[in-house]
Amino acid sequence: MNKKKYWLAGIAIIILAAILTFYFIQKEQERKREEARVSINLVAMGDSLTEGSGDEEKDGGYVGIIKSKLAKREDVRSVTTENYGVGGNRVDQLLKRLDAQPDFQDDVKAANAISITIGGNDVVKVIRSKLLDAKKSDFTKANEKFDANLTKLLDDIRDLNPDAPIYLFGIYNPYTTYFSEMKVLDDIISEWNASTKETLAKVNDTHFISVNKQLEERAATKEGKANPNLSDDLFHPNHAGYQKMADALYKQMVTSIQNGNIE
């Protein structure tokens, strides 16, 4: 009888030890998972596309959407955003704001991710100043000036923050439905984006986020009709358009998280 009691006690001890071992292993795994989760501090800067103009749901454009998308990930602990988008800004104006605003600089220093929308107003400036007389050479000259200012902007950002991944959205042609005959603008947008990619390639951990295919409407049946991705002003994205921008940014940011580049 005593042997049976000892045997049962031994079995109970083994079971208890197994339970405790499983418990502590599970706790350690949970601790490691928690340590691996990242707190994202995204600073968004640029023009009206960062500001969220045209978002009929008043959700903050792509910045508000990306915040919600990232917060749902198991490997993300928290998401905070700072929005420095100002409608109408060209790259030279964004550069001046960053150089002149201490709060802006402090937020860039504290960021572990930075997104930028810029360039659309630089193109529009040429269109408005030249109207129908605009030549391709006018855009080439403006593009060269833009690239020089963009280089300075990226250098200033890296002086403030050497490590945070930088995501820069390309520009798109908003006139593919109502002014589908303006084929020259497609070439200008394409060359502008290609030049921007070359500028980004000179700076560490920068990423070009292409959105022209997502936002432009190329179906012949849509010619003369409103682009379904744009707001009523036929220029800025609507909420659906901003969703597509956020989706493109999200894909790249997830890669950065998984590669350990957002810490």
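Up top is the structure.
These figures come from a predicted structure and were not determined experimentally.

**Some thoughts on the sheet that holds strand β2 (residues 76–85)**
The strands making up a sheet are joined through hydrogen bonds of the backbone, oriented either antiparallel or parallel. Pairing in this open sheet of five strands is parallel, and the strands run β2-β1-β3-β4-β5 from one edge to the other. Only two strands of the sheet have a single partner each, and these edge strands are β2 and β5 (206–209). Between one strand and the next, the sheet's axes are offset by a mean angle of 20°, whatever the strand orientation. Note: strand β4 (residues 166–169) against β5, four bridges, orientation parallel. In the sheet register, Phe169 faces β5, and the bridge partner there is Ile209.

**Things to note about empty space enclosed by the protein**
The full count for this structure, using the stated rule, is two cavities of 30 Å³ or more. Lining of the largest cavity is provided by 19 residues; of these, Gly120, Asn121, Ile171, Tyr172 and Phe235 occupy positions nearest its centre. For the lining of the largest cavity, the secondary structure elements donating two or more residues are α2 (48–51), α6 (120–130) and α8 (183–200). Residue classes in the lining of the largest cavity are distributed as 13 nonpolar, five polar and one charged. The space that makes up the second largest cavity amounts to roughly 30 Å³. For the second largest cavity, the full set of lining residues is Ile118, Phe146, Leu168, Phe169, Gly170, Ile171, Trp192, Asn193, Thr196 and Phe208. Of all the elements in the fold, those that place two or more residues in the lining of the second largest cavity are β4 and α8. Looking at the lining of the second largest cavity element by element, the count peaks at three residues for α8. Of the residues contributing to the lining of the second largest cavity, the split by class is seven nonpolar, three polar and no charged.

**A closer look at a positive patch on the surface**
Together, Lys96, Lys125, Lys141 and Lys145 make up a region of like positive charge exposed at the surface. Positionally, Lys96 belongs in helix α4 (residues 91–100).

**Quick word on the side chain of Asn227**
Assignment of secondary structure puts Asn227 in the loop between α9 (212–215) and α10 (239–258). A relative accessible area of 3% places Asn227 in the buried class. Sequence-distant contacts of Asn227, that is, excluding residues within four places in its chain, are made with Thr176, Thr177, Leu215, Glu216 and Glu217.

**Focus on the packing of aromatic side chains**
As enumerated under the stated definition, the model contains three aromatic pairs in all. Measuring from ring centre to ring centre gives 4.1 Å for Tyr84 and Phe104, while their planes differ by 5°; the resulting arrangement is stacked. Within this pair, whereas Tyr84 is found in strand β2, its partner Phe104 is found in helix α5 (residues 102–110), the two being separated by 20 residues in sequence. Side by side, Tyr84 and Phe104 carry an identical accessibility label, which is buried. Positioned over the ring face of Tyr250 is Lys69, at 4.5 Å from the centre of the ring.

**Side note on the packing of α4 against helix α7 (residues 136–160)**
At a closest axis distance of 9 Å, the pairing of α4 and α7 adopts a crossing angle of 25°. Taken together, the axes of α4 and α7 lie roughly parallel to each other. The handedness of the crossing between α4 and α7 is left-handed. For the pair α4 and α7, contact is made by Val91, Asp92, Leu94, Leu95, Leu98 and Asp99 and by Phe146, Asn149, Leu150, Lys152, Leu153, Asp156, Ile157 and Leu160, respectively.

About the criteria used
Residues numbered from 1 in each chain as written. Predicted model: local features only at pLDDT ≥ 70, side-chain atom pairs only at ≥ 80, totals over all residues. Heavy atoms only, no water. Pairing = 2+ DSSP bridges. Helix = DSSP H or I, 4+ residues; strand = E, 2+ residues; numbered from the N terminus. Axes fitted to C-alpha atoms, helices over the stretch in contact; angles between N-to-C directions. 1 Å grid on protein atoms, 1.4 Å probe; cavity = no way out; pocket = protein on both sides within 12 Å on 5 of 7 lines; lining within 4 Å. Points joined across faces, edges and corners; volume = space filled by probe spheres on them. Nonpolar A, V, L, I, M, F, W, Y, C, P; charged D, E, K, R; others polar. Patch = residues over 30% accessible without salt bridge, like charges linked within 9 Å, V, L, I, M, F, W, Y side chains within 5 Å. Areas by Shrake-Rupley, 256 points an atom, 1.4 Å probe, with all protein chains shown as cover. Salt bridge = Lys/Arg side-chain N within 4 Å of Asp/Glu carboxyl O. Lys, Arg positive; Asp, Glu negative; His and termini not counted. Charge placed at Lys NZ, Arg CZ, Asp CG, Glu CD. Buried < 20%, exposed > 50% of the residue type's maximum accessible area, 1.4 Å probe, protein only. Contact = heavy atoms within 4.5 Å. Phe/Tyr/Trp six-rings, centres within 6.5 Å; stacked < 30°, edge-to-face > 60°. Lys NZ or Arg CZ within 6 Å of the ring centre and 35° of its normal. Parallel < 35°, antiparallel > 145°, perpendicular 65-115°, else oblique. Left-handed = near helix turned anticlockwise from the far one by under 90°.

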